[in-house]
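# Per-entry structural report
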Amino acid sequence: MFCNQCEQFGRSCATTGPGVCGKDPDIQSLQEIILFGLKGMAAYAHHARRLGMVDEKVNAFIEEALFTTLTNVNFDGGTLFEYAMELGRVNLRVMQMLDQGHGRRFGRPSPVEVAEGTQAGPGILVTGHDLVDLGDLLEQCKGSDVKVYTHGEMLPAHMYPKLRNHPNLAGHFGGAWQNQRREFASFSGAILATTNCVLIPLPSYADRLFTTRATAVPGGTRIVSNDFSAVIAKAKAAKPLPASPIKKSTVGFHHSTILALAPTIVDAVKADKISRFFVIGGCDGAEPGRNYFSEYAKLTPPDSFILTLGCGKYRIREHDYGTHLGLPRLLDMGQCNDSFGAIEVALALAEAFGCGVNDLPLTLVVSWFEQKAVAVLLTLLSLGVKKIAIGPNPPAFVTPGVFKVLQEKFDLRLTSGDPAADLAAAMGG
């Protein structure tokens, strides 16, 4: 156990046994799960608040759950476990508010073909998750020749009509967050990072990198209001982008789009025309072990569908999976902020079939990297979803004792590193 939250640190808290207060490693682990889950939920709640979506019950729970992790407040594993499950349930509400806020502000989402690459002229690259920032920037660019491009988890912004129909939104450039130093260096225009997943910039582009509010990096310029005039001025003064089209891709399979097809999907499953649904997504990262998700997706049978979201999509989206029943087999549902949609689809299909979620032909293979993924996992577990596989590495803050409880209650699994074997096991189940 490692705990440094009180004055007794260094005496007996950095050990494998109980601390001075009596807290043991499993209690410490449960408290960290709550803390990390709250961090992720706070990020979602912050996005929702910017859209005018606030729930006082959410705010009250955040305060209470934080209080449980204070020194000498709660030593009971069962109680802390229930707080973790309640966190998952509350986070579902937060993600629902975010989903509703996006729809109200930017219109009903729908599939759309997005041009990837750049057009000739001045440009701004927007990364992160905050669609309000993107919308405000577009309005401030209106009437100019500055083109705006999405990057990373901003790609799903194109599914909202009030964003994609803006004359200054030109397309998408780049991939997942871990590639941004190379990609930002090659993008000659201004860059705006709106939320997490920004890296400390290289000197070659630091003077062109802007961040918003809580997001800040050494060498960049932080904007505390939504006045993006400095970003636009930098784009106009920077070297113009070349005309460099790359490809076109289809995104925007929001849960409302998929659920509109629910009767057709149910009939197809009953007729044995769909073997399985795979949710493969989450966070991406630089480790070679994440190639597991690429190989897993390629091995899925041709009569199955892959639902993906988060920056984990970049690990699997370059492969051509073809179509099935007139739809792309790879259905991009959006940002990690849109995880609510995957849950909605699963719950709706379970209702349509008259069964539980765990009885559906559904497999969840989730890559995780940071705290928002913890909040989403707790939401899935709080709904009783079983047999989720997470990877590529086990969470360091989950002790063997706590993980055993998660295995017993939810059959939570770690990816094995052998995608063919794991896929065969999923299909056999």
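Refer to the preceding data block for the structure.
To start, this report covers the structure provided alongside it. The model shown is predicted, which means the values in this text are computed figures rather than measured ones.

Our next topic: the overall build of the protein chain. The number of helices and strands found in the protein chain is 14 helices and 16 strands. Relative to the 2.2 N^0.38 estimate, which gives 22 Å for 429 residues, the radius of gyration of the protein chain is 22 Å and therefore close to what a compact globule would have. Put simply, the protein chain has 429 residues, and 56% of those count as buried. Sequence-distant contacts in the protein chain: of pairs separated by 6 or more residues, those separated by 24 or more amount to 71%. Just so you have it, the protein chain exposes about 17800 Å², and 56% of that area is on carbon and sulfur atoms. Across the protein chain, the 40 positively charged side chains and the 41 negatively charged ones have centroids separated by 5 Å.

What follows is about unusual backbone geometry. The amide bond that connects Gly-391 to the next residue, Pro-392, takes the cis arrangement and shows omega of 5°. Here Pro-392 is to be found in the loop between strand 15 (389-391) and helix 13 (400-410). Phi is positive for Arg-213, close to 50°, though the residue is something other than glycine. When you line up the elements, Arg-213 lands in the loop between strand 6 (209-212) and strand 7 (221-223). Notably, Asp-272 is not glycine yet its phi reads approximately 60°, a positive angle. We classify Asp-272 as exposed; its relative accessible area is 66%.

It is worth spelling out empty space enclosed by the protein at this point. Counted under the stated rule, the structure contains 6 cavities of 30 Å³ or more. Here the largest cavity defines a volume of roughly 610 Å³. Surrounding the largest cavity, 47 residues form its lining, Val-366, Ala-373, Val-376, Leu-377 and Leu-380 being those nearest its centre. Broken down by secondary-structure element, the contributors of at least two residues to the lining of the largest cavity are helix 1 (25-50), helix 3 (77-106), strand 9 (277-282), strand 10 (305-309), helix 11 (339-353), strand 14 (362-367), helix 12 (371-382) and helix 13. Ranked by residues supplied to the lining of the largest cavity, first place goes to helix 12 with 8 residues. Per-class residue counts for the lining of the largest cavity are 42 nonpolar, 4 polar and 1 charged.

The computed volume of the largest pocket comes to approximately 470 Å³. Forming the walls of the largest pocket are 23 residues, and the residues nearest its centre are Arg-276, Thr-363, Lys-387, Arg-413 and Ala-426. Of all the secondary structure elements, the ones that give two or more residues to the lining of the largest pocket are helix 10 (291-299), strand 14, strand 16 (413-414) and helix 14 (419-428). Residue contributions to the lining of the largest pocket peak at 4 residues, all from strand 14. Residue composition of the lining of the largest pocket, grouped by class: 14 nonpolar, 3 polar and 6 charged. Reported here for the second largest pocket is a volume of approximately 340 Å³. Ser-249, Thr-250, Arg-317, His-319 and Leu-330 are the residues nearest the centre of the second largest pocket, which is lined by 17 residues in total. If you list the elements that add at least two residues to the lining of the second largest pocket, you get strand 8 (244-251) and strand 13 (330-334). The element that contributes the greatest number of residues to the lining of the second largest pocket is strand 8, accounting for 4 residues. Broken down by class, the residue content of the lining of the second largest pocket amounts to 5 nonpolar, 5 polar and 7 charged.

Thresholds, definitions, all that
- Residues numbered from 1 in each chain as written.
- Predicted model: local features only at pLDDT ≥ 70, side-chain atom pairs only at ≥ 80, totals over all residues.
- Heavy atoms only, no water.
- Helix = DSSP H or I, 4+ residues; strand = E, 2+ residues; numbered from the N terminus.
- Rg over C-alpha atoms; globule rule 2.2 N^0.38 Å.
- Buried < 20%, exposed > 50% of the residue type's maximum accessible area, 1.4 Å probe, protein only.
- Contact = heavy atoms within 4.5 Å.
- Areas by Shrake-Rupley, 256 points an atom, 1.4 Å probe, with all protein chains shown as cover.
- Lys, Arg positive; Asp, Glu negative; His and termini not counted.
- Charge placed at Lys NZ, Arg CZ, Asp CG, Glu CD.
- 1 Å grid on protein atoms, 1.4 Å probe; cavity = no way out; pocket = protein on both sides within 12 Å on 5 of 7 lines; lining within 4 Å.
- Points joined across faces, edges and corners; volume = space filled by probe spheres on them.
- Nonpolar A, V, L, I, M, F, W, Y, C, P; charged D, E, K, R; others polar.

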